[in-house]
Amino acid sequence: MLRPRRAPHFWVSQDRPASVFLRKGAIAVTHPAASGPDSYRGLGGAPGGRIGHRSCWPVRSLLGKPGGLPSPFAPEWDCVDLVRVSRTGRSQSTRLLLASCPPHSPARQQAVCATAALSGEPAAPSFSRMLRYRAGSNKLRNSSSPLGESGYAIDKDQGKTGGVKGYLTKRRLYVVGCITLLCFSFGFVCNHTCFLEDLLQVKLPRMIYTKPQILKPSRSDVLTMTPWFAPIVWEGTYNSEILNEQFRRRNVTVGLTVFAIKKYVVFLKKFLETAEMYFMVGHRVNYYIFTDRPEEVPKVALKEGRNVVVLQVQNYPRWQEISMRRMELISNFSQQRFINEVSYLVCVDVDMRFNDQVGVEILSNLFGTLHPGFYAAERQSFTYERRPASQAYVPSDEGDFYYAGGFFGGTVMEVYMLTKKCHEAMMVDKANGIEAIWHDESHLNKYFVYYKPTKILSPEYLWDDNMGRPEILKKRRFLALPKNHAAIRNK
Ligand SMILES: CC(=O)N[C@H]1[C@@H](OP(=O)(O)OP(=O)(O)OC[C@H]2O[C@@H](n3ccc(=O)[nH]c3=O)[C@H](O)[C@@H]2O)O[C@H](CO)[C@H](O)[C@@H]1O
Ligand SMILES: [Mn+2]
């Protein structure tokens, strides 16, 4: 029994449907019944032998040349219908005999389907759209081959002229394309190598500071680490010089989102002026000011690397809705804009002023801030939403801390996920005619029960002097401004 050394591959070209490309070692011949004005003649070689040193060979049309050598291999050959589409788009089919494509085999089925598809389609221009088939089995058909004695033998030389020309031109184009691509990749790799070399040239300046003491924790009066290993940031627990150096190397840009809708624009001046003094000093900052009154945004002198971006948005009649819609707007803008402009987002209330350093020590994948009114409270005192009907519901035996709605952040991706989730939950509540007790803050707290922050800011980062000045509070970095609710809300 004759067997090719390996299962042959063949391709039916859509570019030039008169062509079948054969892999080295494959055998092909046209069926004599196909003799018409155009008959086809295969190109191949000895069974199991080479048909050329290239992996693909086109079968070439031999106009008006019936005959040829009878094939000694006929009984083992199988067939596939091949369609030739002429330049005018007319198709004509012929039967091409191939080795190793047994009847009823999946490969045979594929070939039949493909040729059917070909006949319905005019010549397609793309080389890459060649249909590729693999005859997966070596089980060969015996005896009653339609080829009989009058099969056309395969003439090697035919492959080197005519149709081969076009094929080689495309092939050349293909090779040129590959070389160009390789050159580009080389440039890319080179660039990256240079970038890596730059990194290797990082200087190691002396770093002189007090050594950390394992047996003398810097703070023993407060919790500095959660049970899920998120640091809680208190004065004395970190060294800003080390952190600034780390973040400077990364050339991080921080986005600070703040909403000043309706009368709340009056808070912007103090907010921005104090931010320039204390917020992320020495780092790149974009202030994203959401407002319905862009003309009332004050001009504040900014240090280098810091920008104000005014984003005009609509207002809502109720202050609660304004506060809650921040989630929707932050998530939308994160997706459309912030993701391209900053690494981290810090989202805060506007009725505040910075009073001390708020720097890169706050940055982490996802961070929240302990509410000044509840940092020492027990679970049952937390003002979580307790009605199961609300999406913000937190059962009485869950939760770690009570977080403030007025200061959270993280990477743009994390903030996007948080704000999107909270907004969606608020929309469900709205449809069910329920509003969480502390609005967006309730939803934020619910989220943090199940997606734990990777860093937590102590109440130093959101303090209200109405709470007094407890001993543990070494700094008051961001302070709530007293405001006349009746005069400012819903105005
Ligand atoms: C410090 C803190 O944790 N504050 C939270 C607390 O409310 P507050 O009592 O601090 O709420 P608020 O009056 O400051 O409103 C929240 C924020 O919404 C914006 N705003 C509101 C009304 C308006 O007319 N125009 C306007 O721009 C503004 O940025 C304001 O800072 O609870 C709210 C939900 O009840 C929010 O979760 C706040 O973040
Ligand atoms: Mn506020």
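Since we're looking at a predicted model, the values are computed, not measured. (Residues numbered from 1 in each chain as written. Chains lettered and ligands numbered in written order. Predicted model: local features only at pLDDT ≥ 70, side-chain atom pairs only at ≥ 80, totals over all residues. Heavy atoms only, no water.)

Caption draft 1: Here's a closer look at the pairing of strand β12 (residues 284–291). In terms of burial, β12 is largely enclosed, as seven of its eight residues are buried. Inspection of the sheet shows strand β11 (residues 253–260) paired to β12 by eight bridges, in the parallel sense. Of the residues in β12, the one forming a bridge with Thr257 is Tyr288. Between the parallel elements β11 and β12, the chain passes through helix α4 (residues 268–278) in a crossover that is right-handed. (Buried < 20%, exposed > 50% of the residue type's maximum accessible area, 1.4 Å probe, protein only. Helix = DSSP H or I, 4+ residues; strand = E, 2+ residues; numbered from the N terminus. Pairing = 2+ DSSP bridges. Right-handed = clockwise from strand over helix to strand, strands pointing away.)

Caption draft 2: Focus on the pattern of salt bridges. Scanning the model with the defined rule gives 22 salt bridges in all. We note a salt bridge from Asp465 to Arg469, for which the minimum N-O separation is 3.8 Å. (Salt bridge = Lys/Arg side-chain N within 4 Å of Asp/Glu carboxyl O.)

Caption draft 3: Highlighting the layout of surface pockets. When its volume is computed, the largest pocket comes out at roughly 1,000 Å³. For the largest pocket, the lining is made up of 41 residues, of which Asp349, Asp351, Lys483, His485 and Arg489 are closest to its centre. Listing elements by their share of the lining of the largest pocket, those giving two or more residues are α5 (319–341), β15 (352–354), α7 (439–450), β19 (478–480) and α8 (485–488). If you tally residues by element for the lining of the largest pocket, the top one is α5, at four residues. Classifying every residue of the lining of the largest pocket by side-chain character gives 19 nonpolar, nine polar and 13 charged. (1 Å grid on protein atoms, 1.4 Å probe; cavity = no way out; pocket = protein on both sides within 12 Å on 5 of 7 lines; lining within 4 Å. Points joined across faces, edges and corners; volume = space filled by probe spheres on them. Nonpolar A, V, L, I, M, F, W, Y, C, P; charged D, E, K, R; others polar.)

Caption draft 4: Fine view of unusual backbone geometry. Unlike most non-glycine residues, Phe229 shows phi in positive territory, near 60 degrees. Tracing the backbone shows Phe229 in the loop between α2 (163–200) and β10 (232–233).

Caption draft 5: Representation of the site of ligand 1 in the model. Taken together, 21 residues lie around ligand 1, and Phe259, Tyr264, His439, Asp440 and Arg489 are the ones closest in. Phe259 places a polar main-chain atom, nitrogen or oxygen, 2.6 Å from an oxygen atom of ligand 1. Gly406 is positioned such that a nitrogen or oxygen atom in its backbone is 3.0 Å from an oxygen atom of ligand 1. When isolated, ligand 1 has an accessible area of 730 Å², and the protein chains bury 92% of it. Among the detected pockets, ligand 1 sits in the largest pocket. With four residues, the top contributor of residues to the shell around ligand 1 is α5. Looking at the shell around ligand 1, its residues break down into 10 nonpolar, four polar and seven charged. (Near = heavy atom within 4 Å. Polar contact = N/O pair within 3.5 Å; in protein donor to acceptor, adjacent residues only side chain to side chain. Areas by Shrake-Rupley, 256 points an atom, 1.4 Å probe, with all protein chains shown as cover. Sits in = over half its atoms within 2 Å of the grid points.)

Caption draft 6: Representation of α4 in the model. Of the residues making up α4, those classed as buried are Leu268, Phe271, Leu272, Thr274, Ala275, Glu276 and Tyr278. Where α4 is buried, its residues meet β11, β12, β13 (306–312), β14 (344–348), β15 and β19. Among the residues trailing α4, Met280 stands out with phi positive, at a value near 55 degrees. (Contact = heavy atoms within 4.5 Å.)

Caption draft 7: Geometry of the nonpolar core. Among the nonpolar cores identified, the biggest contains 42 residues, and Phe271, Phe279, Val346, Phe354, Ile362, Leu363 and Phe407 are the most heavily contacted of them. Elements with a minimum of two residues in this core: α3 (240–249), β11, α4, β12, β14 and β15. For this core, the element with the highest residue contribution is α4, accounting for five residues. The contacts of Phe407, once residues within four sequence positions are left out, are Val346, Cys347, Val348, Val358, Ile362, Phe367, Gly368, Thr369, Leu457, Tyr461, Leu462 and Phe478. (Core = buried A, V, L, I, M, F, W, Y, C linked by side-chain atoms within 4.5 Å.)

Caption draft 8: Up close: the side chain of Arg306. In this fold, Arg306 is placed in strand β13. Overall, Arg306 belongs to the buried group, its relative accessible area being 7%. A polar atom in the side chain of Arg306 sits 3.3 Å from the backbone oxygen of Ala275. A distance of 2.7 Å separates a polar atom in the side chain of Arg306 from the backbone oxygen of Phe279. Excluding its chain neighbours within four sequence positions, the residues that come into contact with Arg306 are Ala275, Glu276, Phe279, Met280, Val281, His283, Val285 and Tyr287.

Caption draft 9: Region of the structure containing the coordination of the manganese ion (ligand 2). Summarising the metal site, the manganese ion (ligand 2) is bound by the protein donors Asp349 (OD), Asp351 (OD) and Asp351 (OD), whose distances to it range over 2.1 to 2.4 Å. For Asp351, a relative accessible area of 7% corresponds to the buried category. (Donors = N, O, S within 2.8 Å, 3.2 Å for Na, K, Ca; no water.)

Caption draft 10: A look at the packing of α5 against helix α6 (residues 412–431). Packing of α5 against α6 leaves a shortest axis separation of 8 Å and a crossing angle of 140 degrees. Between α5 and α6, the interaxial angle falls into the category oblique. Like other packed secondary-structure pairs, α5 and α6 cross with a definite hand, here left-handed. The segment α5 lies against α6, with Glu321, Met324, Arg325, Met327, Glu328, Ile330, Ser331, Ser334, Gln335, Phe338 and Ile339 engaging Val412, Met413, Val415, Tyr416, Leu418, Thr419, Lys420, Cys422, His423, Met426, Met427 and Lys430. Considered class by class, the residues forming the contact of α5 with α6 number 13 nonpolar, five polar and five charged. (Axes fitted to C-alpha atoms, helices over the stretch in contact; angles between N-to-C directions. Parallel < 35°, antiparallel > 145°, perpendicular 65-115°, else oblique. Left-handed = near helix turned anticlockwise from the far one by under 90°.)

Caption draft 11: Inspection of the UniProt feature "binding site: UDP-N-acetyl-alpha-D-galactosamine" (unreviewed entry) in the protein at higher detail. The residues that UniProt annotates with the feature "binding site: UDP-N-acetyl-alpha-D-galactosamine" (unreviewed entry) are Phe259, Ala260, Ile261, Tyr264, Asp349, Val350 and Asp351. These annotated residues cover 93 residues of sequence, and their C-alpha atoms lie no more than 11.3 Å from one another, placing them together at a single site. Lining the largest cavity, from the residues just named, are Phe259. With respect to the secondary-structure elements, Ile261 resides in the loop between β11 and α4. Not counting residues within four places of it along the chain, the set of residues in contact with Ile261 comprises Phe290, Thr291, Asp292, Val313, Gln314, Asn315 and Ile322. Locating Tyr264 in the fold gives a position in the loop between β11 and α4. If sequence neighbours within four positions are ignored, Tyr264 has contacts with Val350, Lys483, Ile488 and Arg489. (UniProt positions renumbered as here; feature names shortened; annotations may be inferred.)

Caption draft 12: Looking closely at empty space enclosed by the protein. Enumeration over the complete set of coordinates arrives at three cavities of 30 Å³ or more. As a volume, the largest cavity reaches approximately 100 Å³. Along its surface, the largest cavity is lined by 13 residues, and Arg326, Ile330, Cys347, Gly405 and Phe408 are the ones closest to its centre. Counting only elements with at least two residues in the lining of the largest cavity, the list comes to β11, α5, β14 and α7. Here the element with the most residues in the lining of the largest cavity is α5; it accounts for four residues.

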